[in-house]
Amino acid sequence: MSTRKREQIVDSGVIGILRGVDPDSAIDVASAVVDGGVTALEVTADTENVVETIDTLSSRFDDVLVGAGTVLDAETARAVQLAGAEFLVTPTVDTDVIEVSNRYGTPIASGAFTPTEALRAYEAGADFVKVFPAKTGGPEHVAAIGGPLSQIPLVPTGGVSPSNADAYIEAGAVAVGAGSAIVEDEAVATEDYARITENARRMVDTVESARE
């Protein structure tokens, strides 16, 4: 099952990140992202009522992976797993979180920025390494890490948008994570879900074109 989920994340090419989305609008926002072609959603653990939101979204979508991001400790990891999180994402290397993910067969993208951190995370059992914050080093940094560490699937996150996602894919990323470039605060506040869908579609199209 874990292998299938890993493959779906790669196939999707885009992890749509919902950070701080009001629980009352989470379904509408998530639906808008999914309508744009994204099949992997990450709800960050610092979102209000994250456990309930993950449980609701997991029940709502059949062919979409719903995961949890900004997971900082093993206790949070287990709580979101029990709520239905199908993958975990961390901003840093935390071997305890990686251990919990592996124990229960949940794919994990561990945050890292340097080659040393990336290798440490991968050797500890991470399925992916989330290069974060991606905008600090840009696509060149992703390519530089992937050069000597080509065995590690890299998912740059932080500053990725439809205007540069192709460069990250061409640099060797297997997928990208995107939050505000898809789920804009203003669009959420004004309930402009069509705008969110268009952002998601542009991101997916950019990644698909870069893979051709």
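Look up: the structure comes first, before these words.
Read on for a plain summary of the structure.

About the thresholds
Residues numbered from 1 in each chain as written. Predicted model: local features only at pLDDT ≥ 70, side-chain atom pairs only at ≥ 80, totals over all residues. Heavy atoms only, no water. Axes fitted to C-alpha atoms, helices over the stretch in contact; angles between N-to-C directions. Helix = DSSP H or I, 4+ residues; strand = E, 2+ residues; numbered from the N terminus. Parallel < 35°, antiparallel > 145°, perpendicular 65-115°, else oblique. Left-handed = near helix turned anticlockwise from the far one by under 90°. Contact = heavy atoms within 4.5 Å. Nonpolar A, V, L, I, M, F, W, Y, C, P; charged D, E, K, R; others polar. Buried < 20%, exposed > 50% of the residue type's maximum accessible area, 1.4 Å probe, protein only. Right-handed = clockwise from strand over helix to strand, strands pointing away.

This brings us to the packing of helix H4 (residues 74-83) against helix H5 (residues 95-103). Between H4 and H5, the least distance of the axes is 8 Å, while the angle of their chain directions is 30°. Looking at the two axes, H4 sits roughly parallel to H5. Crossing geometry of H4 relative to H5 is assigned as right-handed. Residue-level contacts link Ala74, Ala77, Arg78 and Gln81 of H4 to Asp96, Val97, Val100 and Ser101 of H5. Tallied by class, residues from the contact of H4 with H5 come to four nonpolar, two polar and two charged.

Moving on: the pairing of strand S3 (residues 65-69). The buried fraction of S3 is high, at five of five residues. Burial along S3 is two-sided: the residues Leu65, Gly67 and Gly69 and Val66 and Ala68 are all buried. In the classification by handedness, the crossover that spans strand S2 (residues 40-44), the intervening helix H3 (residues 50-60) and the parallel S3 is right-handed.

A separate point is the environment of Glu48. Structurally, the position occupied by Glu48 is in the loop between S2 and H3. Measuring from C-alpha to C-alpha, the distance between Glu48 and Ser58 comes to 17 Å, with 10 residues separating the pair along the chain. When sequence neighbours within four positions are dropped, the list of residues in contact with Glu48 reads Pro23 and Thr53.

These values are about where atoms sit, not about what they do.
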